[in-house]
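Structure at a glance
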Amino acid sequence: MPSQISTSILDRTLNHLKKAWHDLSVDRLKDTLELSPELTEKDHALLRQWMDSCLTNTGGEVAARRRAAQLGENYLALNAEGRKKFLLLLNQHYDVDNNAVEQAIEAWRHADDDTRAAARVQLRDTLDPPRVKLLAQFTELPEGVKFLVDMRAELLALKREEPELAPLESDMKRLLANWFDIGLLQLERISWQSSAQLLEKLIAYEAVHAIQSWDDLKNRLDSDRRCFAFFHPNMPQEPLIFVEVALVKGLADNVQKLLDEDAPILDLKEADTAIFYSISNAQKGLAGISFGNFLIKRVVAELQHDFPALKRFSTLSPIPGFQRWLNKQTNADLETLPGGKNWLQIAEPRLPEGWHLDEEVAEKRREPLLQLAAHYLTVEKRRGITALDPVAHFHLSNGAEVAQLNWLADNSDNGLKQAAGLMVNYLYDLPHIESRSQDYSAQASIAQSAKIKALCKH
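All residue numbers refer to positions counted from 1 along the written sequence of the respective chain. Predicted model: local features are reported for residues with pLDDT of at least 70 only, side-chain atom pairs are reported and counted for 80 or more only, and whole-chain, interface and lining totals are derived from all residues. Side-chain descriptors were evaluated using all non-hydrogen atoms of the structure, hydrogens and water having been removed beforehand.

**Observations regarding the overall build of the chain**
To keep things clear, this is the line we draw: Every helix listed is a DSSP run of H or I at least four residues long, and every strand listed is a run of E at least two residues long, numbered separately from the N terminus. For every residue, the accessible area (1.4 Å probe, protein chains only) is compared with the maximum for its type, and the residue is labelled buried under 20%, exposed over 50%, or partly exposed between those bounds. In what follows, residue pairs with any heavy atoms lying within 4.5 Å of each other are defined as contacts.
When its secondary structure is counted, the chain shows 21 helices and 9 strands. In terms of its C-alpha atoms, the chain occupies a principal-axis envelope of roughly 75 × 50 × 45 Å. Considering the chain as a whole, with its 458 residues, one finds that 49% of them fall into the buried category. Here the analysis covers contacts within the chain between residues at least 6 apart in sequence; of these, 74% occur between residues at least 24 apart.

Structural data, given as structure tokens:
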């Protein structure tokens, strides 16, 4: 169901955008732009001429806006190869003019007190590539911001095979970071009463624990559950990032139990813990522009206001990189790690298929796996600076503590593949959030409970 909904949303959004821009572009504009889907060499000269007219505001601001609409409409009509050529052309021919920059630098160096301020402004403007102005014109069009977010998503994918696109991607990231300043974002609660369109997007964008059905979704929005999302004013129907929260008694240690549709609804008077069990970025084009730390803090404030009896704020999180890291360790490496020697003594240490279904087999692996996972989360670093595991890095940078490892907490195929079914609770101890965040950022210091420290001992 999620993939079907995702395709339906994409088709509706694309068709709506094409119609809105077509209606805008044909109105009062004599010239038209018609490109072939694959963007042939013959189209290049026409495309550059059209882009130039957008930049020079030929015919005035209104005409330039309509040309931008036609440009965007043509981009949407291109096939994958055509879009790649479009982006390569934009990257190559609308970059900074190095000669103009050198002249502006010389003018600034030789400026006197009366002209230095103007020379500085001129230098700053010259350092902005023309493509930035062109891209900014799309923001004035209906759903133009969403168009640019999706264009950057395509760029991020293309950059792997076309590394020369990096400058264009960097320009787009800078633009989007400015437009998506945290002060502009709105926090909203998503409930069963939210629009069907928004609920469909929640299903499509869920990236941690796939939503299997409408009943599953309804369960996640029940009275003892909460879901919050950040929205941008120019993308009111598009969640940027959302978090799913369970209000429970005690520290949740199994995601299947947490998501069980048949489990009784908790009396909210008994809830003492808020469990953040899923945080999903909904827009691939906003990768690298962080909202998560602000989202968690805002949601904690909302929950504290509504439920003063809540004492703990914790996650029940996956460990997506653990199994991959473990499989890379040599026997010599494992000999030196907590739990490593015991792991090597097991006849089939690489976890054969279905291992977790045999209680005796699983129990033999329990202690060494927990020890190795504790080491992975608290010691293994990327370039010696940040936690190797991406989810751990996210929560540690926001001031959380590695609190508890949970055995076979996610026995889904994905949970077993990523982390041998293990999950971890990151605890947000409110009085210590800021200091722990600073310690992690400045010294790579990882806050951990006594339970975790004990597991890390040889």
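**As for the pattern of salt bridges**
The condition is simple: Only one rule defines a salt bridge in this text: a Lys or Arg side-chain nitrogen within 4 Å of an Asp or Glu carboxyl oxygen.
Evaluation of the coordinates by the stated rule reveals 20 salt bridges. Between Asp128 and Arg174 there is a salt bridge; the shortest N-O distance is 3.6 Å. Of the two residues, Asp128 is situated in the loop between α6 (116-127) and α7 (130-138) and Arg174 in helix α9 (residues 166-179); the sequence distance between them amounts to 46 residues. Between Asp216 and Arg220 there is a salt bridge, with the nearest N and O atoms lying 3.1 Å from each other.

**Thoughts on the nonpolar core**
Inclusion rule: Take the buried Ala, Val, Leu, Ile, Met, Phe, Trp, Tyr and Cys residues and link them wherever side-chain atoms come within 4.5 Å; each set so joined is a nonpolar core.
If you look at the biggest cluster of nonpolar residues, it comprises 100 residues, and the most contacted ones within it are Phe86, Phe180, Leu303, Phe322 and Leu405. Looking at this core element by element, the count peaks at 8 residues for helix α17 (residues 359-378). Other than its neighbours up to four places away in sequence, Phe180 contacts Val145, Val149, Leu185, His232, Met235, Leu240, Leu286 and Phe291. In this structure, Leu199, Leu217, Phe231 and Ala282 belong to the second largest nonpolar core, which totals 14 residues.

**As for the side chain of Asn74**
Relative to the helices and strands, Asn74 resides in helix α3 (residues 61-77). Not counting chain neighbours up to four residues away, the residues in contact with Asn74 comprise Leu33, Glu34 and Leu35.

**Description of a negative patch on the surface**
What counts is decided by this rule: Patches draw on residues past 30% relative accessible area with no salt bridge. Two like charges within 9 Å are joined, as are two nonpolar side chains (Val, Leu, Ile, Met, Phe, Trp, Tyr) within 5 Å. Areas reported as accessible are Shrake-Rupley estimates using a 1.4 Å probe. Residue values count occlusion only from the protein chains shown. When charges are counted, neither His nor the chain ends are considered; positive counts come from Lys and Arg and negative counts from Asp and Glu. Where a charge lies is defined by one atom per residue type, namely NZ (Lys), CZ (Arg), CG (Asp) and CD (Glu).
Residues Asp358, Glu359, Glu360, Glu363 and Glu367 make up a contiguous surface patch of negative charge. Tracing the sequence through the fold places Glu359 in helix α17. Judged by relative accessible area, which is 69%, Glu359 ranks as exposed.

**Details of the side chain of Ser437**
For the record, the criterion: Pairs of N or O atoms within 3.5 Å make up the polar contacts considered here, provided that, within protein, one atom can donate a hydrogen while the other can accept it, and that residues adjacent in sequence are counted only when both atoms are side-chain atoms.
With respect to the element layout, Ser437 can be found in helix α20 (residues 433-443). Note on Ser437: relative accessible area 15%, which makes it buried. Only 2.6 Å separates the side chain of Ser437 from the backbone oxygen of Ser397, close enough to count as a polar contact. With residues up to four places along the chain from it excluded, the contact list for Ser437 reads Leu396, Ser397, Asn398 and Gly399.

**What to know about the packing of α7 against α9**
Applicable threshold: A fitted line through C-alpha atoms represents every axis, and for helices the fit uses only the stretch in contact; the resulting angles, taken between N-to-C directions, go from 0 to 180 degrees. By definition in this entry, angles of less than 35 degrees are roughly parallel, angles greater than 145 are roughly antiparallel, angles of 65 to 115 are roughly perpendicular, and the rest are oblique. Two helices crossing with the near one rotated counterclockwise from the far one by less than a right angle form a left-handed crossing, whereas a clockwise rotation gives a right-handed crossing. Put simply, Ala, Val, Leu, Ile, Met, Phe, Trp, Tyr, Cys and Pro go in the nonpolar bin, Asp, Glu, Lys and Arg in the charged bin, and everything else, Gly too, in the polar bin.
In the contact formed by α7 and α9, the axes pass within 10 Å of each other and the chain directions differ by 50 degrees. Viewed along their axes, α7 and α9 adopt a mutual orientation that is oblique. By crossing handedness, the relation of α7 to α9 is classed as right-handed. Of the residues in α9, those in contact with Arg131, Val132, Leu135 and Ala136 of α7 are Pro167, Leu168, Asp171, Met172, Arg174, Leu175 and Trp179. Grouping the amino acids of the contact of α7 with α9 by side-chain chemistry returns 8 nonpolar, no polar and 3 charged.

**Some thoughts on the pairing of strand β9 (residues 423-427)**
The criterion, for reference: Strand pairing is defined by DSSP finding a minimum of two bridges between the two strands.
Of all 5 residues in β9, 5 are buried, a share of seventy percent or more. Bridge count for strand β8 (residues 401-406) against β9 is 5 bridges, and the pairing is antiparallel. By the bridge assignment, Glu401 is partnered in β9 with Leu427.

**Structural notes on the pairing of strand β4 (residues 273-281)**
For clarity, the cut-off: A crossover counts as right-handed when, viewed with the strands pointing away from the observer, the path leading from the first strand over the helix to the second turns clockwise.
Of all 9 residues in β4, 7 are buried, a share of seventy percent or more. Sheet topology note: the strand β3 (residues 241-248)/β4 ladder contains 8 bridges and is antiparallel. Opposite Ile241, over in β4, you have Asn281 as the bridge partner. In this fold, the crossover linking β4 to strand β5 (residues 312-315) by way of helix α13 (residues 292-306) has right-handed handedness.

**Focus on helix α18 (residues 390-397)**
Rules: Arc definition: directions from the helix axis to the C-beta atoms.
Considered for burial, the residues of α18 that qualify are Ala392, His395 and Leu396. Taken around the axis of α18, the buried residues stretch over an arc of 100 degrees, which confines them to a single face. The residue sitting at the N-terminus of α18 and contributing the capping side-chain oxygen is Asp389; that oxygen lies 3.2 Å from the backbone nitrogen of Val391. Note on α18: the residue one or two positions beyond its end, Gly399, has a positive phi of about 100 degrees.

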